[in-house]
Amino acid sequence: MAALATDSTDNPSADFSDTPWWLSLIKAVLIFVYLLLSTLIVIWFERRVIGRMQQRPGPNRTGPYGLLQTLADGVKLALKEDLVPKNADKIVFFLAPAIAGAAAFVSFAIIPMGPEVWMFGHHTPLQLTDLPVAVLLVLAVAGVGVYGIVLAGWSSGSTYPLLGGLRSTAQVISYEIAMGLSLVAVFLYSQSMSTSQIVGAQHSLWHIIPAFFSFFVYVITMVGETNRLPFDLAEGEGELTGGFHTEYSSLKFAMFFLGEYVNMFTVSALATTMFLGGWQAPPGISAINDGMFNHAWWGLLWFTIKLWLFMYFFVWLRGALPRTRYDQFMRFGWKFLIPVTLAWVVLVAFIRGARLGYFGDASFTVGGRTFSVATVLIILVVAATVLLITYIIEGRAEARREAAAAPPPAEVDPYAGGFPVPPLPGQVLREPARASRRLGAAGAGPQDHEATGGVSTLTDAPTEESTDTSTDKEAPRG
């Protein structure tokens, strides 16, 4: 099959020579319907699964098992009043949801959903199109899609949507860097950025095994890229109400809602293509009868199953984890994911170079398998480095734990930091020093300072103005 043929060049292996323009148009419509139906089902699926996780039934009234609830919600949104804020930039306000909704569908055009099939008298791949740099197209469209969120927040003329749009800008830009770096290892293993070539390169071994760390990073970044829990920080109800779409209603809000779920399918489809062999059957099933389950329309079934595994993962995250703090999320992206992913890309490049013989041809055989000496040395150096870093980090963590476990001092100065601090239970306050205070004329008697029970008492001598003995207390000075 042409979809399985792997070329040494970076050109796509999918053959579109027998695909007329009208057939491409039909495939585009079918992809659109596939995504719309999948979105209707996944919204119902999400509400049912989270309902079971939270010990409630979920939608179960509209249609059998509540299957028509999503359709009813869509009709309700369409019939709602469409409100536009007074201070909104109306052109941009209407344009933003259109950008967010349209950009979500574009990336699916380069996803291979199956091998070549017989459709309307022509042999054509179950893929709309392919490019030598198809994966870069997905990343570029993801960058364009964030304009819909940013413009929605800015054009609303309100503070909360503006803050939500700014949050989303920083979040998506930060995690797109780590997402792009996580895919570099896949490019190195498949020697191509064409999606059909990448799927063909996984016919014997899925990339999730050699590029396991890239898969781990991509899964984190795809959740941050789609603004889903626990990373839906652009829509924090606690501080931003609805975030960038607070001022939207009716069908414009539905466009943002649709765009979010289609983006989930897009990043899940890209993960399936990059790491799970795309439309190819699992290893055990693909070996049955000379790979009969890897031909014709079977590929669409395997692709859909893998896609829905990721969708269930999205739903499980939403029902299981709380929202993270924004500063923690950004610090995790810039200070951990990006540096570690860069180091991983360098490691994969060295290992690929060693396997291709760039560091010498020395090798040895163990158990009938041949290993490159350079590859083993690289792995040993990396393992030693990881152990050293782990030892340093654990040592610092242990020091912090010991410092936290140390008992607090028995006596504290509440003004040591420049402002009063209340004591912890079991602590005694250290009273600040108090200077003598003169009252009356120069011939007045001295003051007696008595400290009783941790309380300072100043006794003034009687003066001409007062013949009574009085006790004055100075306010402590910080």
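Counting from 1, residues in each chain are numbered in the order their sequence is written. It should be noted that, the model being predicted, local features are given only for residues of pLDDT at least 70 and side-chain atom pairs only at 80 or more, the latter also being counted only at that level, while totals for whole chains, interfaces and linings use all residues. Computation of side-chain values: all heavy atoms of the structure, hydrogens and water removed.

Colleague: Would you mind going over the overall build of the protein chain with me for this structure?
Modeller: Helix and strand counts for the protein chain come out as 13 helices and nine strands. When the 478 residues of the protein chain are sorted by exposure, 42% land in the buried category. By the criteria applied, helices consist of DSSP H or I runs no shorter than four residues and strands consist of E runs no shorter than two, each listed in order from the N terminus. Classification of residues uses two cut-offs on accessible area relative to the type maximum, computed with a 1.4 Å probe and protein chains only: under 20% is buried, over 50% is exposed, and between them is partly exposed.

Colleague: Even after reading the chapter, I still don't get the packing of helix α1 (residues 21–53) against helix α11 (residues 298–320), so can you show me in this structure?
Modeller: In a packed pair of helices, the relevant descriptors are the angle between the two axes and the axis-to-axis distance. With their axes 10 Å apart at the nearest point, α1 and α11 run at an angle of 40° to one another. With respect to each other, α1 and α11 are oriented oblique. The chirality of how α1 crosses α11 is right-handed. Across the interface between the two elements, Tyr 34, Ser 38, Ile 41, Val 42, Phe 45, Glu 46, Val 49, Ile 50 and Met 53 of α1 pack against Phe 303, Thr 304, Leu 307, Trp 308, Met 311, Tyr 312, Val 315, Trp 316, Arg 318, Gly 319 and Ala 320 of α11. When residues are grouped by polarity, Ala, Val, Leu, Ile, Met, Phe, Trp, Tyr, Cys and Pro land in nonpolar, Asp, Glu, Lys and Arg in charged, and all others, Gly among them, in polar. In terms of residue class, the contact of α1 with α11 is built from 15 nonpolar, three polar and two charged. Comment: axis = line fitted to C-alpha atoms, over the contacting stretch for helices; angle = value between 0 and 180 degrees taken between N-to-C directions. Should an angle lie under 35 degrees it is considered roughly parallel, over 145 roughly antiparallel, and from 65 to 115 roughly perpendicular; all remaining angles are considered oblique. Take the far helix as the reference: if the near one is turned anticlockwise from it by less than a right angle, the crossing is left-handed, and if turned clockwise, right-handed. Whether two residues are in contact is decided by their heavy atoms: any pair within 4.5 Å suffices.

Colleague: Sorry, what's going on with helix α3 (residues 90–106) here?
Modeller: A helix is expected to span 1.5 Å multiplied by its residue count minus one. With 17 residues, α3 extends 25 Å from end C-alpha to end C-alpha; this agrees with the ideal 24 Å at 1.5 Å per step. Of all the residues in α3, the buried ones are Val 92, Phe 93, Ala 96, Pro 97, Ala 100, Gly 101, Ala 103, Ala 104 and Phe 105. Where α3 is buried, its residues meet α1, α4 (134–155) and α9 (250–275).

Colleague: Explain the confidence of the model for the protein chain to me, please; I cannot follow it from the model alone.
Modeller: Low-confidence regions, as indicated by low pLDDT, have predicted coordinates that should not be scrutinised in detail. For the protein chain, the mean per-residue pLDDT works out to 80, and 86% of the residues sit at or above 70. Summary of the metric used: pLDDT quantifies the predictor's per-residue confidence within the range 0 to 100. Under a pLDDT of 50 for its full length, residues 1–8 has, in the predicted model, 19 contacts with residues more than four places off or in other chains. Within the model, the stretch residues 435–478 combines pLDDT values under 50 with 46 contacts to residues more than four positions away or in other chains.

Colleague: When you look at the nonpolar core in this model, what are you seeing that I'm missing?
Modeller: For soluble globular proteins, nonpolar side chains are generally found buried alongside one another. Phe 108, Leu 183, Tyr 218, Met 222 and Phe 303 are the most contacted members of the largest nonpolar core, which totals 71 residues. Looking at this core element by element, the count peaks at 11 residues for α9. The residues contacting Met 222, other than those within four sequence positions of it, are Met 179, Val 267, Phe 310, Phe 313 and Phe 314. We call a set of buried residues a nonpolar core when its members are Ala, Val, Leu, Ile, Met, Phe, Trp, Tyr or Cys and they connect through side-chain atoms within 4.5 Å of each other. Core analysis: the second largest hydrophobic core is formed by 10 residues, Ala 96, Ala 100, Ala 234 and Tyr 248 among them.

Colleague: I'm lost on the pairing of strand β1 (residues 114–119) in this one. Help?
Modeller: On a regular strand, each side chain points to the face opposite its neighbour's, so the side chains alternate between the two faces of the sheet. Of all the six residues making up β1, five are buried; the element is thus mostly covered by neighbouring parts of the structure. Strand direction decides the pairing type here: β1 and strand β2 (residues 122–126), joined by five bridges, are antiparallel. Among the inter-strand pairings, Gly 114 is bridged to a residue of β2, identified as Leu 126. Linking β1 to β2, which pair antiparallel, is a turn of two residues; within it Phe 120 sits at a positive phi near 55°. Any two strands are treated as partners once DSSP identifies two or more bridges connecting them.

Colleague: Where do I start with the packing of aromatic side chains in this structure?
Modeller: Geometry of an aromatic ring pair is reported as the spacing of the ring centres plus the angle between the planes. Under the pairing criterion, centres of Phe, Tyr and Trp rings, with the six-membered ring standing for Trp, must be within 6.5 Å; the plane angle then separates stacked pairs below 30 degrees from edge-to-face pairs above 60, leaving the rest tilted. A full pass over the atoms with the stated rule returns 23 aromatic pairs. Three or more aromatic residues joined by ring pairs make a cluster, and in this case those are Phe 93, Phe 94, Phe 244, Tyr 248 and Phe 256. Distance and angle both matter: a charge sits over a ring if NZ of Lys or CZ of Arg is within 6 Å of the ring centre and within 35 degrees of the ring normal. One Lys or Arg, Arg 167, reaches over the ring of Tyr 326 and ends 5.2 Å from the middle of that ring.

Colleague: How do you make sense of the pattern of salt bridges when you look at a structure like this?
Modeller: If charged atoms from side chains of opposite charge come close, those side chains can pair. Should a side-chain nitrogen of Lys or Arg be within 4 Å of a carboxyl oxygen of Asp or Glu, the pair is scored as a salt bridge. Across all of its chains, the model carries eight salt bridges by this definition. For Arg 318, the salt bridge is made with Glu 46, and the minimal N-O distance between the two is 2.9 Å. Of this pair, Arg 318 sits in helix α11 while Glu 46 sits in helix α1; the two residues are 272 residues apart in sequence, bridging distant segments of the chain. Residue classification places Glu 46 among the buried positions, given a relative accessible area of 3%. Here Lys 252 and Asp 82 are joined by a salt bridge, their closest N and O atoms 2.3 Å apart. Placement of Lys 252 in helix α9 and of Asp 82 in the loop between α2 (69–79) and α3 is noted, with a sequence separation of 170 residues between them. Given the relative accessible area of 7%, Lys 252 is considered buried.

Colleague: Would you mind showing me how to read the environment of Val 106 here?
Modeller: With respect to the secondary-structure elements, Val 106 resides in helix α3. Separated by 39 residues in the primary sequence, Val 106 and Gly 145 place their C-alpha atoms 10.0 Å from one another.

Colleague: Would you mind going over the environment of Met 179 with me for this structure?
Modeller: Tracing the chain through its elements places Met 179 in helix α5 (residues 159–190). Once you skip the residues sitting within four places of it in the chain, Met 179 turns out to touch Leu 139, Tyr 218, Thr 221, Met 222 and Glu 225.

Colleague: What is the right way to read the side chain of Glu 176 from this model?
Modeller: Summarising the element assignment, Glu 176 is placed in helix α5. Although Glu 176 is buried, it makes no salt bridge; Arg 228 carries the closest opposite charge, 17 Å away. When charges are tallied, Lys and Arg are placed among the positive residues and Asp and Glu among the negative ones, while His and the ends of the chain are skipped.

Colleague: What's the story with the side chain of Glu 225 in this structure? I'm lost.
Modeller: Tracing the backbone through its elements, the reader meets Glu 225 in helix α7 (residues 212–225). Of the side chains bearing the opposite charge, Arg 228 lies closest to the buried Glu 225, which forms no salt bridge; the N-O distance is 13 Å. With near-sequence residues (within four places) excluded, Glu 225 lies in contact with Ala 142, Val 172, Tyr 175, Glu 176 and Met 179.

Colleague: Honestly, unusual backbone geometry in this entry has me stumped. Any pointers?
Modeller: Note: most peptide bonds trans; most residues except glycine with negative phi. Of note, the amide linkage connecting Leu 229 to Pro 230 takes the cis form, showing an omega dihedral of 5°. With respect to the helices and strands, Pro 230 occurs in the loop between α7 and α8 (237–240). Backbone geometry places Gln 55, a non-glycine residue, at a positive phi of 60°. Counting through the fold element by element, Gln 55 comes out in the loop between α1 and α2. Gln 55 gets classed as exposed once you look at its relative accessible area, which sits at 78%. In this structure, Tyr 65 takes a positive phi of about 60° despite not being glycine.

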